[in-house]
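Structure assessment
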Amino acid sequence: MPLVTAQRILLKNGSELIGRVVSETNTMVELRVRETRTTFPKQLLAAPIEDVEVEVASVLTAEQFYAERAVQVDAGDSLANYDFAKELEMMFAFEQAQVHYLLAQELAMVEGDDPLLSRLDGALVQLEQMIANQEEATALEQIKQLMHRQRFTTAKFQLEQYDIDFPNAALRGEYLKLGEKFEKDREKSMVNYLRRHWFMRVMAVL
């Protein structure tokens, strides 16, 4: 999953918010997380706002990511278009990914880049499989978003439900990778929660 710069905000009640600061005044801060905007007074901040690198899907929708990244990609660079298409595929933006794969293929043909053409052939076949199994891909994307919102109990239920709903899953490999990531993300979330609330508890006692 590609990374982007976001802002981390720690509040006096121990909460941690990560998103994009879209506006800021002397007294207020507006934070956007995907399509949700939240405004709160600066007096609630426990520390200065800091920049962090996070997985793009945790703060941007596929459309927001495309609008932000597309202008940064050299339209005449075959490898840049290939890499961008891979990122879009990971964001489940299949139609946009296909456009950039095909553009990369055209450029690679002109350049005579056989190794890249070989990679593109495999990538396009895999993408067609993802498009053909859109329902499965949507289910996996929903699980991923639950994980990003740290709703791990619901995400675990959805992972188990996926096995029931798609017994002959065509995207089994993607499901298994997401299952491995689930365990790592859940453990990281628990560690961060304990670290943050331990500190706030100590500060309250002191």
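The sections below set out a description of the structure shown in this document. (Residues numbered from 1 in each chain as written. Predicted model: local features only at pLDDT ≥ 70, side-chain atom pairs only at ≥ 80, totals over all residues. Heavy atoms only, no water.)

Its 14 residues place the ends of helix H6 (residues 152-165) 19 Å apart at the C-alpha level, agreeing with the 20 Å of an ideal helix rising 1.5 Å per residue. Along its buried surface, H6 packs onto helix H5 (134-148) and helix H7 (172-205). (Helix = DSSP H or I, 4+ residues; strand = E, 2+ residues; numbered from the N terminus. Expected span 1.5 Å × (residues − 1). Contact = heavy atoms within 4.5 Å.)

Let us now look at the layout of surface pockets. Roughly 1000 Å³ of internal volume is contained in the largest pocket. By residue number, the principal contributor to the lining of the largest pocket is H7, which donates eight residues. Looking at the lining of the largest pocket residue by residue, the class counts come to 11 nonpolar, 11 polar and 10 charged. Taken as a whole, the second largest pocket holds about 400 Å³ of empty space. In this structure, the second largest pocket is lined by 15 residues; those nearest its centre are Met 1, Met 90, Lys 144, Glu 174 and Lys 177. Contributions of two or more residues to the lining of the second largest pocket are made by helix H2 (78-90), helix H4 (114-132), H5 and H7. The element best represented in the lining of the second largest pocket is H7, accounting for four residues. Residue composition of the lining of the second largest pocket, grouped by class: six nonpolar, two polar and seven charged. (1 Å grid on protein atoms, 1.4 Å probe; cavity = no way out; pocket = protein on both sides within 12 Å on 5 of 7 lines; lining within 4 Å. Points joined across faces, edges and corners; volume = space filled by probe spheres on them. Nonpolar A, V, L, I, M, F, W, Y, C, P; charged D, E, K, R; others polar.)

Attention now goes to the nonpolar core. Ranked by size, the top nonpolar core spans 46 residues in total, and within it Phe 65, Tyr 82, Tyr 101, Leu 120, Leu 140, Met 147 and Tyr 162 carry the most contacts. Beyond its immediate sequence surroundings of up to four residues, Tyr 101 is in contact with Tyr 82, Ala 85, Lys 86, Glu 89, Leu 120, Ala 123, Leu 124 and Leu 127. Membership of the second largest hydrophobic core comes to six residues, among which are Ile 9, Leu 31, Phe 40 and Leu 45. (Core = buried A, V, L, I, M, F, W, Y, C linked by side-chain atoms within 4.5 Å. Buried < 20%, exposed > 50% of the residue type's maximum accessible area, 1.4 Å probe, protein only.)

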